[in-house]
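Given next are the chains, with one letter for each unit.
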Amino acid sequence: MQGYKLNLTFYSPCVFHHPPMLDAILSYCLQRESHRYIGYYAGTWRDREYDGINRLPEVLEFYSEIPLATRLQYDADAPLYADSWKKRFEPKYQHLADFGKAKRRIDTTSGQYRSFNMPLPARVIRAGWFYFIGDGHRAIELLNRWIWAIGKKPSEGFGVIENLDLQPCDLNEIEVLKRRPVPVEIAAKLGIQGMEQYCAWRPPYWGRRNHARCVVPA
Amino acid sequence: MIRINYTFKTVGPLFTGSDENSGTLRTLRRQKIALAENQVYKSRLDEKTRRDAVVQILAGVWQAIDFDSIKGTRLMSIWGEFANKLTAAARAANKYQFFEILCRSWGIEAITNKNVLTALDLLTDQELLDTVRNESKYLVLSLRVLRDEAKAKRAENNNDMLFDLEPVRPNAEAVTVVKTEDFIPCISGNSFRGRMRRLAMIDFCKRVGITKIDKKAYHTLFTGGFLDQSTQYEDFDRLEEFVRACPMLGVLGSAIGNMTIEGEMLVGWAYPLCRERGTGDQSFWQFLDTVFQTRHDSSKTENGLELTGDGKEDPQQMKYEYEVFAPGTPFEHRIACTSDKELIVSAFEHLIDLFKASPYIGGQGSVGNGELDLSELKIENGVTSNVYTKYLDENQVKIHEFWAGLKM
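Residues numbered from 1 in each chain as written. Chains lettered and ligands numbered in written order. Predicted model: local features only at pLDDT ≥ 70, side-chain atom pairs only at ≥ 80, totals over all residues. Heavy atoms only, no water.

Undergrad: Could you clarify how one ought to interpret the overall build of chain B in this entry?
TA: Along its length, chain B carries 13 helices and 14 strands. A compact globule built from 408 residues would reach a C-alpha radius of gyration of about 22 Å, whereas chain B, at 28 Å, exceeds it by more than 25%. Taken along the three principal axes of its C-alpha coordinates, chain B extends 90 × 65 × 45 Å. In chain B, buried positions account for 51% of the 408 residues. Sequence separation of at least 24 residues holds for 79% of the intrachain contacts in chain B that already meet a minimum separation of 6. Here chain B displays about 19,800 Å² of accessible surface, and carbon together with sulfur accounts for 47% of that area. Taking the average place of the 51 positive charges on the side chains of chain B and the average place of its 58 negative ones, the gap between the two points comes to 1 Å. (Helix = DSSP H or I, 4+ residues; strand = E, 2+ residues; numbered from the N terminus. Rg over C-alpha atoms; globule rule 2.2 N^0.38 Å. Buried < 20%, exposed > 50% of the residue type's maximum accessible area, 1.4 Å probe, protein only. Contact = heavy atoms within 4.5 Å. Areas by Shrake-Rupley, 256 points an atom, 1.4 Å probe, with all protein chains shown as cover. Lys, Arg positive; Asp, Glu negative; His and termini not counted. Charge placed at Lys NZ, Arg CZ, Asp CG, Glu CD.)

Dropping the structure here:
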């Protein structure tokens, strides 16, 4: 399979705690494609139900179970600021809500109906890029079909992608692996340097069994 | 995926409240941006002298204010008023307009302090406006301290000098100043989404004839619900049942029990078409304005009604100001729908129609704010919205029974 650089320009700031991983994004696309009519339910897919992972070799090359795709790369001086996301109980149509025998009131400071003002660390990335080794045309097809934004809170407009551009480039496995988390044993074998961190190294990145001591780019 | 990239204009003033207040002025919500093109200008002033020069201008204006005509509580909050008027004037296109607007806002006819002219000539447009826009609190504080110092000196020397300032002196060599970032006022995707959700759900309830639903179900429909159960198992059949009972949940998403329905509609932020984002010729500052509202205490003029209770003599009136996008401000906006299921796409289209029929966003809508011209908002190659309405008509009884019997 061929090496590629995938360039992205963003319409709006991107929110994330850990930089988005291209293999995670592509596995999401494959999951959506497999379960077209039931949509995707975030959070707790058990691995065996997650077709997006099983189908990932259709799009990406692997090195010893590690997908050969980097995390999002961007200029180190991209400004960071605190944005927020808000939510509150809608009182306008409360006449429709059945409170039973309880008093018709809700607590907005705590509990189920509490109001949110959730801070979000937003990064102003004008242009970002991923490297990967795989099927470039299939990857861009999946991204164009399913991906409108990346990072947290995409449906509220964060991380919206303005443009995608795919360029073939000469890449070897090491060049990709040193830009993503790699378990320490494999990193030592390949001579990859970086920061040590306990984190996931393959999708699904929330899966506990995918976590290990890793070398991540500093 | 259906992608709608369109532009709209504000018809009336538009206010989107932020978490920040500046004195009595409520400001617009802002987002940091990297400027499309770095702003570069030559300055003959270092940082300190630049601020001093702006303070000199403000001192000249302060000196020319007719304080005899300002009385009572207004005088007590005069510094707040000065800061607000200063911020409002900084929305001008250049330094001359800024000066004009600031003087006009105080009813000043003439200024005699020649230091003002020296400072105005030394500062570039960008330099003066950026300083006032970003450092107004510091500038007002500096002016206040200078005024207090001059007051003490005045008593000491027995003269009537209001400010005792040396004219600002420029550097021998000009320095290059580069600006790379700014905070742009904008409308959050969440604002649009919240507004559209409420339009969609009240329309749904009316069409199906729902007049009473479980409180949690109400929250699920109108606000997006909440997660209140453990996450061990997810019942996807149950989720699909919810979407069948309200296809708008498939469009807008929600949280139910321990499960999340990902909405198929994605809504972007709306940004003014402006020089800073490289999408227009004008600066976004030129689209901003400040409006004020008042609340009159009519109890004082009430004749046929006797007022009782403690504090009945206390006046309950106020004036409040807020920053708005001026009528006619052009915006760019993005909306998308990832589904290709006919019913969901049709519901999405119906939702767009509902929004076009009630094109309001932001706050203070009850006093004439927030109307948009959405004539450019169109879906290319969609299906007709009849599929959704027909589905509701055909399944009205089943849907009604589902929501009437639902206990969450």
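Undergrad: Would you mind showing me how to read the overall build of chain A here?
TA: Per the secondary structure count, chain A includes five helices and 13 strands. Seen through its C-alpha atoms, chain A measures out along the principal axes to roughly 65 × 40 × 35 Å. Buried residues in chain A amount to 53% of all 218 residues. Considering only intrachain contacts with a sequence separation of at least 6, the fraction spanning at least 24 residues in chain A is 76%. Here chain A displays about 10,400 Å² of accessible surface, and carbon together with sulfur accounts for 50% of that area. Between the averaged position of the 30 positive side-chain charges in chain A and that of its 24 negative side-chain charges there is a distance of 11 Å.

Undergrad: I would appreciate a short explanation of the pattern of salt bridges in the present structure.
TA: Two side chains carrying opposite charge are able to pair once their charged atoms lie near each other. One pass over the full model with this rule turns up 32 salt bridges over all chains. One salt bridge in this structure joins Asp-182 of chain B and Lys-179 of chain B, with 3.1 Å as the shortest N-O distance. The same class applies to Asp-182 of chain B and to Lys-179 of chain B, which are both buried. Shared partners join several salt bridges into a network, and the residues in it are Glu-33, Arg-55, Glu-58, Arg-138 and Glu-141 of chain A. (Salt bridge = Lys/Arg side-chain N within 4 Å of Asp/Glu carboxyl O.)

Undergrad: Teacher, can you tell me more about empty space enclosed by the protein here?
TA: Taking a probe equal in size to a water molecule and rolling it over the atoms shows the remaining empty space. Residues and elements named next belong to chain A. Inspection of every chain in the model, using the stated rule, returns two cavities of 30 Å³ or more. Taken as a whole, the second largest cavity encloses approximately 40 Å³ of empty space. If you trace the second largest cavity, you find it lined by Leu-6, Leu-8, Leu-22, Ile-25, Phe-130, Leu-143, Ile-147, Ile-150, Ile-161 and Leu-164. Among the elements of the structure, β1 (2-10), α1 (22-34) and β10 (161-168) are those that each provide at least two residues to the lining of the second largest cavity. (1 Å grid on protein atoms, 1.4 Å probe; cavity = no way out; pocket = protein on both sides within 12 Å on 5 of 7 lines; lining within 4 Å. Points joined across faces, edges and corners; volume = space filled by probe spheres on them.)

Undergrad: Is there a simple way to explain the confidence of the model for chain B in this structure?
TA: When pLDDT drops low, the exact placement of atoms in the prediction is not to be read closely. Residues and elements named next belong to chain B. Per-residue confidence for chain B averages 87 on the pLDDT scale, and 95% of its residues sit at or above 70. The least confident element of chain B, judged by mean pLDDT, is strand β2 (residues 17-22) at 68; the most confident is strand β10 (residues 271-272) at 97. In the predicted complex, the global pTM is 0.87; the interface-specific ipTM is 0.88. (pLDDT = per-residue confidence, 0-100.)

Undergrad: How should the domain arrangement of chain A be read in this particular structure?
TA: How large an interface is tends to be reported as the accessible area lost when its parts come together. Along its sequence, chain A is organised into domain 1 (2-79 + 124-171) and domain 2 (87-118). Spacing between the C-alpha centres of domain 1 of chain A and domain 2 of chain A amounts to 37 Å. (Domains from an automatic or database assignment.)

Undergrad: Looking at this structure, I do not really get the packing of α1 of chain A against helix α3 (residues 136-146) of chain A. What am I missing?
TA: Each packed pair of helices is defined by two parameters, the angle between the axes and the distance between the axes. All names here are of chain A. In contact at an axis separation of 9 Å, α1 and α3 are set at 70° when each is read in the N-to-C sense. Relative to α3, the element α1 is oriented roughly perpendicular. Taken as a pair, α1 and α3 cross one another with a handedness that is left-handed. Contacts between α1 and α3 involve Ile-25, Leu-26, Tyr-28, Cys-29, Leu-30, Arg-32 and Glu-33 from the former and Arg-138, Ala-139, Leu-142, Leu-143 and Trp-146 from the latter. (Axes fitted to C-alpha atoms, helices over the stretch in contact; angles between N-to-C directions. Parallel < 35°, antiparallel > 145°, perpendicular 65-115°, else oblique. Left-handed = near helix turned anticlockwise from the far one by under 90°.)

Undergrad: I would appreciate a short explanation of the interface of chain B and chain A in the present structure.
TA: Taken together, the 61 residues of chain B in the interface contact 55 residues of chain A. Where chain B packs against chain A, one counts seven salt bridges. Arg-32 of chain A is the salt-bridge partner of Glu-262 of chain B, the closest N and O atoms lying 3.8 Å from each other. The interface formed by chain B and chain A includes 29 residue pairs in polar contact (both at pLDDT 80 or more). Residues of the side of chain B that touches chain A, tallied by class, amount to 25 nonpolar, 14 polar and 22 charged. The pairing of strand β7 (residues 97-98) of chain A with strand β6 (residues 213-214) of chain B spans two bridges and is classified as parallel. For Asp-98 of chain A, the partnering residue across the bridge sits in β6 of chain B and is Asp-214 of chain B. (Polar contact = N/O pair within 3.5 Å; in protein donor to acceptor, adjacent residues only side chain to side chain. Nonpolar A, V, L, I, M, F, W, Y, C, P; charged D, E, K, R; others polar. Pairing = 2+ DSSP bridges.)

Undergrad: What is the right way to look at the environment of Asp-75 of chain A in this model?
TA: In this structure, Asp-75 of chain A sits in the loop between β5 (73-74) and β6 (80-87). Measuring from C-alpha to C-alpha, the distance between Asp-75 of chain A and Ile-25 of chain A comes to 21 Å, with 50 residues separating the pair along the chain.

Undergrad: Help me understand the sheet that holds β10 of chain A in this model?
TA: Note: strands within a sheet are paired through backbone hydrogen bonds, in either parallel or antiparallel orientation. Residues and elements named next belong to chain A. Spatial ordering of the open sheet is given by β5-β9-β1-β10, a layout of four strands whose pairing is antiparallel. Single-partner strands in this sheet number two, and they are β5 and β10. Two elements, β1 and strand β9 (residues 127-134), share eight bridges in a ladder whose sense is antiparallel. The partner of Leu-6 across the bridge, within β9, is Phe-130.

Undergrad: I tried to follow the side chain of His-333 of chain B on my own but got confused; where do I start?
TA: One can find His-333 of chain B in strand β13 (residues 330-337). According to the relative accessible area criterion, His-333 of chain B is buried, its value standing at 0%. Engagement of the side chain of His-333 of chain B in a polar contact is seen with the backbone oxygen of Gly-268 of chain B, the distance being 2.9 Å. Residue contacts for His-333 of chain B: discarding those within four places in its chain leaves Tyr-11 of chain A together with Ile-4, Asn-5, Tyr-6, Phe-8, Phe-192, Val-267, Gly-268, Trp-269 and Ala-270 of chain B.

Undergrad: Looking at this structure, I do not really get the sheet that holds strand β11 (residues 182-183) of chain A. What am I missing?
TA: All names here are of chain A. Taken together, the three strands give an open sheet; going across it, the order is β11-β13-β12, and neighbouring strands pair in antiparallel fashion. At either margin of the open sheet sits one strand with a lone partner, and together these are β11 and β12 (195-200). Relative to strand β13 (residues 211-216), β12 is paired through six bridges, and the arrangement is antiparallel. Within β13, the position partnered with Gln-197 by the bridge is Cys-214.

Undergrad: Hey, could you run me through α1 of chain A in this one?
TA: For the α-helix, the turn length of 3.6 residues means that residues three or four positions removed from each other point alike. Residue and element names in this part refer to chain A. With 13 residues, α1 ought to run about 18 Å at 1.5 Å a step, and its terminal C-alpha atoms sit 18 Å apart, in line with that. Considered for burial, the residues of α1 that qualify are Leu-22, Asp-23, Ile-25, Leu-26, Ser-27, Tyr-28, Cys-29, Leu-30, Gln-31 and Arg-32. Those residues of α1 that are buried are in contact with β1, α2 (51-54), β4 (66-67), β9 and α3. (Expected span 1.5 Å × (residues − 1).)

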